[in-house]
Amino acid sequence: MVVTIDGLAGAGKSTVARLLADRLGYRYLDTGAIYRAVTLAVLDGAPDATTVAASGAWRVLADDPRLRSSAVDEAVSAIARTVSVREALRGAQRDFLAAGDAVAEGRDIGEVVWPQAELKVWLEADPDERARRRGTVHALERDRRDAEQTRVPADAVVVDTTGIAVDVVVERIATLVGERS
Ligand code: DC
């Protein structure tokens, strides 16, 4: 079964998706990290983001500690808006999800990448809390830049994480998984 966890920056996607995958014994797909790895390759001097995306050259950077740097934060939205980059990465994401049980997080997974997901979650938190979690108001600026790629699936379960402990959120989603499997 595939569970998608989409939402804005600072909604808690990474923490929730990672813990949920552990809890269920599912594989975990962080699609934001893939867009970040392509961006890092370009910052490191690769001439063309689409070539990096299509060749899979980003894979060697997928765990690089610089993925969360402010340089990548700044540059990633423009690269993620590039249609040819999105198309190339969509293929890699679909290959991963086609292999079976997984929790995938991102902006467009439930609506565009894997609309057949058995459970789609849209994570929300109020803007103050999202800015606090990110430790910066830049997260909200990034939402604006990412708006076009951000899709709330029509059939998503909306989970508001404002003021709710992360293990409670994970438990709530795990219960939904149990009901649907
Ligand atoms: O979730 P994150 O902050 O690690 O995502 C990094 C960037 O990648 C974010 O600015 C938006 C983009 N992104 C996207 O366009 N589509 C996705 N499925 C995931 C992330």
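Everything below is about the structure shown above.
Summary of the structure given here.

Rules used throughout
- Residues numbered from 1 in each chain as written.
- Predicted model: local features only at pLDDT ≥ 70, side-chain atom pairs only at ≥ 80, totals over all residues.
- Heavy atoms only, no water.
- Helix = DSSP H or I, 4+ residues; strand = E, 2+ residues; numbered from the N terminus.
- Contact = heavy atoms within 4.5 Å.
- Expected span 1.5 Å × (residues − 1).
- Near = heavy atom within 4 Å.
- Polar contact = N/O pair within 3.5 Å; in protein donor to acceptor, adjacent residues only side chain to side chain.
- Areas by Shrake-Rupley, 256 points an atom, 1.4 Å probe, with all protein chains shown as cover.
- Nonpolar A, V, L, I, M, F, W, Y, C, P; charged D, E, K, R; others polar.

**Quick look at the environment of Pro-153**
Along the polypeptide, Pro-153 turns up in the loop between α8 (138-146) and β5 (157-160). Note: C-alpha distance between Pro-153 and Trp-122 (31 residues apart in sequence) is 7.7 Å. For Pro-153, the contacting residues outside a window of four places in its chain are Asp-6, Gly-110, Glu-111, Lys-120 and Trp-122.

**Here's the deal with helix α9 (residues 166-180)**
Taking 1.5 Å as the rise per residue, α9 with 15 residues should run 21 Å; its terminal C-alpha atoms sit 22 Å apart, in good agreement. The secondary structure elements touched by the buried residues of α9 are β1 (2-7), α1 (13-24), β4 (119-124) and β5.

**A closer look at the site of the ligand**
As a structural note, the neighbourhood of the ligand is formed by 17 residues, with Arg-36, Arg-86, Asp-108, Arg-142 and Asp-146 the closest of them. In this structure, Asp-108 approaches the ligand through a side-chain N or O atom, which is 2.9 Å from a nitrogen atom. Between an oxygen atom of the ligand and a side-chain N or O atom of Asp-146, the distance comes to 2.6 Å. When the ligand is considered free in solution it has 450 Å² of accessible area, and contact with the protein chains removes 99% of it. Only α2 (31-43), α4 (70-80) and α8 provide two or more residues apiece to the shell around the ligand. When residues of the shell around the ligand are assigned to their parent elements, the largest contribution, 4 residues, is made by α2. Here the shell around the ligand is built from residues that sort into 4 nonpolar, 5 polar and 8 charged.

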